[in-house]
Amino acid sequence: IRSDQQQAAAADCIMADGTRIEVFANLGSVEDAARAVEYGAEGCGLLRTEFLFLDRPAAPTFEEQRDVYRSIAQALGGRPLIVRTLDIGGDKPVPYLDQPAEENPALGRRGVRLSLARPDLLSTQLRAILASVPANQCRIMVPMIVDVAELRAVRALLAEAQAAAGSEDHVPLGVMIETPSAAVLADSLAEEADFLSVGTNDLSQYALAVDRGNQAVAGMVDALHPAVLRLIAQAAQGAATKGKWLGICGGLASEPRAAPLLIGLGATELSAVPAAVPEVKAAVRNLTTADCRALAEQALSLGTAAEVRTLLAEKS
Ligand code: PEP
Ligand code: MG
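Residues numbered from 1 in each chain as written. Chains lettered and ligands numbered in written order. Predicted model: local features only at pLDDT ≥ 70, side-chain atom pairs only at ≥ 80, totals over all residues.

- Looking at an unreviewed UniProt entry, the chain carries the name phosphoenolpyruvate--protein phosphotransferase, with the source organism given as Sphingomonas piscis.

Below, the structure written as structure tokens:
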């Protein structure tokens, strides 16, 4: 890539009416971070930390995690880094967790549930994040939240970790909106969370009662389903009433055609796979907020995902 093209790729993403939308990248390794910057990502909207925890006999140590988070923060060159706390469960068994087999792992002890059952794991992770990601770059996000009690429990562990580190910095703590419960209770969550980010993959799985991992039905997991869109709209309204920002970090944010819809629903941050960042930015730069809102209104009135898809195709 030539350097002028690189500069254009790296520039802030501003809509045609002057509104700023942050286009971030989802990362799952150290290598991803450098790639994301090359593709023009303005930060990381979801660091999936599971890669550190899977396929090994023992949990990663504080030092190991710290070094990895530091490498990623450095590769991002000071851009915001949203680290998601551990999101594993019965579907991703690890030997050191002694997890019982679950009949419905998607509904089992995964995400924040596991973290609160094993606060030693979460505390070590939080301490490693605080020790490695500069405070002005660092945001922490919690997966699989259903209500504010879980957020409070994580905040208490974060406060302990900060006290132990002698840190008085404000580190934003956000929640993922990936259960229907969290979407419906978004106003309550936004009262105490610093930001919300929609995980459209799991939100679709749970809203549509379709197992992401079951090949016979996985194709029905469709984030453009109007039921999912209404949940996202409700979450965005909840965030807005409390003055908090809402982003999207599930797969739908990687689809340039969905960008006007997601912005119209109220998202101000989109986190895509690194390779999709240039296209998402290009799509966003053509849009106005008024057009996005009108499109979202139309989509919310439809009855099926197919109708929403047709609407988006007509508009792009
Ligand atoms: C999601 O559920 O949309 C999400 C971003 O989390 P993951 O895909 O890692 O479950
Ligand atoms: Mg998820």
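### Notes on the sheet that holds strand S6 (residues 195-198)
Here's step 1: Pairing in this closed barrel of eight strands is parallel, and the strands run S1-S2-S3-S4-S5-S6-S7-S8 around the ring. Adjacent strand axes in the sheet meet at a mean angle of 25°, parallel and antiparallel pairs treated alike.
Here's step 2: With four bridges joining them, S6 and strand S7 (residues 245-248) adopt parallel strand pairing. Counted as the bridge partner of Leu196 is Leu246 from S7.
Here's step 3: Taken strand by strand, helix H12 (residues 277-285) contacts strand S1 (22-27) and strand S8 (269-272), and its axis lies near 160° from that of S1. (Pairing = 2+ DSSP bridges. Helix = DSSP H or I, 4+ residues; strand = E, 2+ residues; numbered from the N terminus. Axes fitted to C-alpha atoms, helices over the stretch in contact; angles between N-to-C directions. Contact = placed C-beta atoms within 7 Å.)

### Notes on the site of ligand 1
Here's step 1: By nearness alone, every residue bordering ligand 1 is listed as Leu46, Arg48, Asp87, Glu178, Gly199, Thr200, Asn201, Asp202, Cys249 and Gly250.
Here's step 2: Per-class residue counts for the shell around ligand 1 are two nonpolar, four polar and four charged. (Near = placed C-beta within 6 Å. Nonpolar A, V, L, I, M, F, W, Y, C, P; charged D, E, K, R; others polar.)

### Section: the nonpolar core
Here's step 1: Of all hydrophobic cores here, the largest spans 92 residues; its most connected members are Cys44, Val175, Ala235 and Leu262.
Here's step 2: Among the elements that line this core, the one with the most residues is helix H10 (residues 226-241), at seven residues. (Core = buried A, V, L, I, M, F, W, Y, C linked by C-beta atoms within 7 Å. Buried ≥ 20, exposed ≤ 12 C-beta atoms within 10 Å, placed from the backbone.)

### Looking at the confidence of the model for the chain
Here's step 1: Per-residue pLDDT for the chain averages 95, and the proportion of residues at 70 or more is 98%.
Here's step 2: Interface predicted TM-score (ipTM) for the complex: 0.99; the corresponding pTM is 0.96. (pLDDT = per-residue confidence, 0-100.)

### Considering the pairing of strand S2 (residues 44-48)
Here's step 1: The buried fraction of S2 is high, at four of five residues.
Here's step 2: Of the pairings in the sheet, the one linking S1 to S2 comprises three bridges and is parallel in character. When the bridges of S2 are listed, Asn26 appears paired with Leu46.
Here's step 3: Following the backbone out of S1, through helix H2 (residues 30-38) and into the adjacent parallel S2, one traces a crossover that is right-handed.
Here's step 4: Here S2 runs beside strand S3 (residues 81-84); their pairing, made up of three bridges, is parallel. For Leu47, the partnering residue across the bridge sits in S3 and is Val83.
Here's step 5: With helix H3 (residues 62-75) bridging S2 and its parallel neighbour S3, the resulting β-α-β unit is right-handed. (Right-handed = clockwise from strand over helix to strand, strands pointing away.)

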